[in-house]
Amino acid sequence: MGFVVNKAVGLKLPRTTTDIGVRSYRVERSALAAGNLVFFNTLGDPHSHVGIYVGRDRFMHAPKAGGTVRLEDMTKSYWADRFTEARRLVGQADSVAASYPR
């Protein structure tokens, strides 16, 4: 994730998902835009997993360290039950978000 964000918006992300949450601000789910971060509670922590929203209720993520990056549907029960919040990176350019498919 850090590599993608650095290339897209020139930000170096902290290593942990909790720290990423501190460096971003909350976005209502209804206002999600491509490039926003979506957080899930997969291990008993509201920020235990994070992905990059790409539009149409879909997000990209690596299911585990070193895992293959894949596209997921946030409306599927596993992800819908674990969704905790969406956040936008501080300094994220609107033009970058606009370049993602919707």
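Residues numbered from 1 in each chain as written. Predicted model: local features only at pLDDT ≥ 70, side-chain atom pairs only at ≥ 80, totals over all residues. Heavy atoms only, no water.

1. So, the confidence of the model for the protein
When pLDDT is averaged across the protein, the result is 86; 87% of the residues are at 70 or more. Looking over the protein, one finds the lowest element-wise mean pLDDT in helix α4 (residues 94-98), namely 43, and the highest in helix α3 (residues 77-82), namely 98. (pLDDT = per-residue confidence, 0-100. Helix = DSSP H or I, 4+ residues; strand = E, 2+ residues; numbered from the N terminus.)

2. With respect to the environment of L89
By secondary structure assignment, the location of L89 is in strand β6 (residues 83-89). A relative accessible area of 3% means that L89 is categorised as buried. (Buried < 20%, exposed > 50% of the residue type's maximum accessible area, 1.4 Å probe, protein only.)

3. With respect to the packing of aromatic side chains
Aromatic ring pairs: the centre-centre distance and the angle between the two ring planes describe each pair. Inspection of the entire model under this criterion finds 5 aromatic pairs. When the centroid spacing of 4.9 Å and the interplanar angle of 70 degrees are considered together, the rings of F40 and W79 count as edge-to-face. Of the two residues, F40 is situated in strand β2 (residues 37-40) and W79 in helix α3; the sequence distance between them amounts to 39 residues. For the pair F40 and W79, a shared accessibility class is recorded, and that class is buried. Taken together, a centroid distance of 4.8 Å and an interplanar angle of 90 degrees make the contact between Y78 and W79 edge-to-face. On the basis of relative accessible area, W79 is assigned to the buried category, the value being 8%. One aromatic cluster is present, built from ring pairs that chain together F40, F59, Y78, W79 and F83. A cation sits over an aromatic face here: R29 above F83, 4.7 Å from the ring centre. (Phe/Tyr/Trp six-rings, centres within 6.5 Å; stacked < 30°, edge-to-face > 60°. Lys NZ or Arg CZ within 6 Å of the ring centre and 35° of its normal.)

4. So, the pairing of strand β3 (residues 49-55)
When you tally the buried positions in β3, you get 7 out of 7 residues, the bulk of the element. Both β2 and β3 contribute to a ladder of 4 bridges, which runs antiparallel. Note on β3: the bridge partner recorded for F40 is H49. Pairing of β3 with strand β4 (residues 58-61), which is carried by 3 bridges, proceeds in the antiparallel orientation. Paired with I52 across the strands is M60, a residue of β4. Linking β3 back to β4 in an antiparallel pair, the connection comprises 2 residues, with R56 at a positive phi of about 55 degrees. (Pairing = 2+ DSSP bridges.)

5. As for the sheet that holds β2
In space, the 6 strands of this open sheet follow the order β1-β6-β2-β3-β4-β5, with antiparallel pairing throughout. Where the open sheet ends on each side, the last strands, each with one partner, are β1 (24-27) and β5 (70-73). On average, each strand axis in the sheet is inclined to that of its neighbour by 40 degrees, with strand direction left out of account. (Axes fitted to C-alpha atoms, helices over the stretch in contact; angles between N-to-C directions.)

6. Observations concerning the environment of I52
Checked against the element boundaries, I52 lands in strand β3. Relative accessible area serves as the criterion here: at 6%, I52 is assigned to the buried category. The contact partners of I52, leaving out residues within four places of it in the chain, are M1, V4, V5, G35, N36, L37, R58, F59 and M60. (Contact = heavy atoms within 4.5 Å.)

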